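Topology and contacts: notes
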Amino acid sequence: MAAGGGGRSCFVLGGSGETGRALLRELLAQRAFGRITLIGRRRLSLGEAEAAVEQAVVDFERLGEHAAAFQGHDVGFCCLGTTRAKAGADGFVRVDRDYVAQAAELARAGGCKHFVLQSSRGANAQSHFLYLRVKGEVENLVQAVGFDRCTILRPAVLLCKRQESRPMEWIVQQFLGVVARLFPTAYSVPVETVARAMVACVLQPGEGKVKVLENRAIHELGKAVPQQGT
């Protein structure tokens, strides 16, 4: 893996979420980019990483007014998302589909060549389930933007220690944590593995204009990346 980002630049959408935080740690550890920008609705406290990361605060309801935040990046990483329970059905659609699609358009107009989207296993624009349908719709919209490269990751259940409380999800994660010991790539994936796969797919040579990574492929690609400090 290359060390030292040189003049390459990337942005991260959804940096406050579990995958986004893991992704930022991986980007800093791999030193794959000379410039990293977090684009979000508020500034994040990054501790020692503060000096190494730029932050652009935007209003997602008026994202078109923040085109400058998307200018000049080679790669865009998108982990943006919410839940129906947290935002309601309309809010979920707005965040997970509309915000992401508009951000992709601004990124492409700003010169972004490679867009990396965290989606979900089972994403299907024809699904009867809102979550999977919206994920499928946003995949189609992002692909239609016309990036030189577009990588879509479809992880299964994400294993992580959330900062916010989601009791039922915690119970599911405890169960899947046990199952993962027997079937490590079948039903779940650690957010750290997803983050490593997101970085790895950018650093490796491209294979076609659009590439979709299902859960097993995410595991394989994530494991191929040397973990820092090991």
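See the structure shown above.
Okay, so let's go over this structure. (Residues numbered from 1 in each chain as written. Predicted model: local features only at pLDDT ≥ 70, side-chain atom pairs only at ≥ 80, totals over all residues. Heavy atoms only, no water.)

Okay, the nonpolar core next. Grouped burial of nonpolar side chains is what soluble globular proteins tend to show. Of all hydrophobic cores here, the largest spans 34 residues; its most connected members are L23, L27, F33, F77, V116, L153 and M198. Looking at this core, the elements with two or more residues in it are strand 1 (9-13), helix 1 (18-30), strand 2 (35-40), strand 4 (75-78), helix 5 (191-203) and helix 6 (215-223). The leading source of residues in this core is helix 5, at 9 residues. Once residues within four sequence positions are removed from consideration, L23 is found in contact with V12, F77, C79, A195, M198 and V199. I39, F70, V95 and F115 belong to the second-largest nonpolar core, a separate cluster that totals 26 residues. (Core = buried A, V, L, I, M, F, W, Y, C linked by side-chain atoms within 4.5 Å. Buried < 20%, exposed > 50% of the residue type's maximum accessible area, 1.4 Å probe, protein only. Helix = DSSP H or I, 4+ residues; strand = E, 2+ residues; numbered from the N terminus. Contact = heavy atoms within 4.5 Å.)

The sheet built from 7 strands is open, its strands ordered 3-2-1-4-5-6-9 with parallel pairing. Since the sheet does not close on itself, it has two edges, and those belong to strand 3 (54-57) and strand 9 (210-213), each with one partner. The mean inter-strand angle of the sheet, taken between neighbouring strand axes irrespective of direction, is 15°. Pairing between strand 5 (residues 114-118) and strand 6 (residues 149-153): 5 bridges, direction parallel. Residue pairing in the sheet places Q118 in a bridge with L153 of strand 6. Contacts from helix 3 (residues 130-145) reach strand 5, strand 6 and strand 9 within the one sheet, and its direction differs from that of strand 5 by about 180°. (Pairing = 2+ DSSP bridges. Axes fitted to C-alpha atoms, helices over the stretch in contact; angles between N-to-C directions.)

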